[in-house]
Amino acid sequence: MQRIRLRYTKRGRLRFTSHRDFQRAFERALRRAEVPMAYSAGFTPHPKVSYANAAPTGTGSEAEYLEIALTATRDPETLRALLDESLPAGLDITDAVEARTSGLADRLTASVWELRLEGVTVEEAAKATETFLAAETVEVQRKTKNGVRTFDARSAVTELTATPPQGDPQGDRPLDSACAILRLVVRHVTPAVRPDDVLSGLRAVADLAPPVPAAVTRLAQGLFDEESGTVTDPLAPDREAVTAASTTAAATASATAPSDGTA
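If you're wondering where the values come from, they're calculated on a predicted model, not measured in any experiment. (Residues numbered from 1 in each chain as written. Predicted model: local features only at pLDDT ≥ 70, side-chain atom pairs only at ≥ 80, totals over all residues. Heavy atoms only, no water.)

Draft legend 1. Geometry of empty space enclosed by the protein. Taken as a whole, this structure holds one cavity of 30 Å³ or more when the rule is applied. Of the volumes computed, that of the largest cavity is approximately 40 Å³. Lining the largest cavity are Y8, K10, S18, H19, F22, A54, A55 and E64. Residue assignment for the lining of the largest cavity shows that the elements contributing at least two residues are strand 1 (2–10) and helix 1 (19–32). Tallied by class, residues from the lining of the largest cavity come to four nonpolar, two polar and two charged. (1 Å grid on protein atoms, 1.4 Å probe; cavity = no way out; pocket = protein on both sides within 12 Å on 5 of 7 lines; lining within 4 Å. Points joined across faces, edges and corners; volume = space filled by probe spheres on them. Helix = DSSP H or I, 4+ residues; strand = E, 2+ residues; numbered from the N terminus. Nonpolar A, V, L, I, M, F, W, Y, C, P; charged D, E, K, R; others polar.)

So this is what it looks like as structure tokens:
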């Protein structure tokens, strides 16, 4: 059985698709692309697809991950292209690598988010982020199925900065009004701290209340590097393992190749 790990996006209006909607679209893409999927056992077999830490409905993402199990070997890049063609624009498969290591979900320990605040100046946003970061704790509330829960939104945040917008490549946001971009790096803790929790915290400690809902996009997720404070590519260990295996195989083939007997 071969395992392939994929990175995909939720862009534009398709950021409003739910995780279940994406699951249905992806399973249709698997059938269209005639992928030799492995199936679970039992009365109702289903394709062996493992999803890892999906973004909330309504948020865009450049870094969603899943893993599929195949019954026959396929080239990861060819498979990526076939699946990408079979999905609607906005749900794009951007990377594929053969799984050579364990624990993909364990390497998703932090996310980088971009929050676009229309109607908020960069100066207002910067002042609010300074107040948020200076606080030891920032308590926020969230409604859950078990009632209202109060938790600290500050401890999970490792970076929060405000910058001017660099333009809107999709052309659906005005650029002639006040706008600030927040870059947020947050650890994946329990309970999970989401971008809207940080916005609630900014409202609580700095009275920052954008006049329209923020446009939220996940830019990256992966293992948090304590020394550099960056979020690393979770597929890098698999790429390195594939490269190492190819190098070893080539060296072994060269060493065992018969000599032609010439001096």
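Draft legend 2. Seen up close, the pattern of salt bridges. For the coordinates displayed, the defined rule picks out 17 salt bridges. For the salt bridge of E226 with R187, the shortest nitrogen-to-oxygen distance reads 3.0 Å. Taken together, the positions of E226 in the loop between strand 10 (215–224) and strand 11 (231–232) and R187 in strand 9 (residues 179–187) put the pair 39 residues apart, joining distant regions of the chain. Relative accessible area serves as the criterion here: at 56%, E226 is assigned to the exposed category. Where salt bridges share partners, they join R3, R5, E67, R107 and D238 into one cluster. (Salt bridge = Lys/Arg side-chain N within 4 Å of Asp/Glu carboxyl O. Buried < 20%, exposed > 50% of the residue type's maximum accessible area, 1.4 Å probe, protein only.)

Draft legend 3. The packing of aromatic side chains, seen in detail. All told, the structure shown has three aromatic pairs when counted by the stated rule. The interplanar angle of 5 degrees and the centroid separation of 4.1 Å between the aromatic rings of Y8 and F22 together place this pair among those described as stacked. Within this pair, whereas Y8 is found in strand 1, its partner F22 is found in helix 1, the two being separated by 14 residues in sequence. For the residue pair Y8 and F22, the accessibility class agrees, reading buried in each case. Summarising the aromatic geometry, the rings of F22 and Y51 are spaced 6.2 Å apart at their centres and angled 85 degrees between planes, so their arrangement reads as edge-to-face. Note that F22 is positioned in helix 1 and Y51 in strand 2 (residues 49–52), a separation of 29 residues in sequence. Classification of Y51 by relative accessible area gives partly exposed; the value is 22%. (Phe/Tyr/Trp six-rings, centres within 6.5 Å; stacked < 30°, edge-to-face > 60°.)

Draft legend 4. Structural detail: the environment of L91. Mapped onto the elements, L91 comes out in the loop between helix 2 (76–86) and strand 4 (93–98). Counting along the chain gives 69 residues from L91 to F22, while the straight-line C-alpha distance between them is 8.2 Å. With near-sequence residues (within four places) excluded, L91 lies in contact with T9, K10, L14, T17, F22, A25 and D84. (Contact = heavy atoms within 4.5 Å.)

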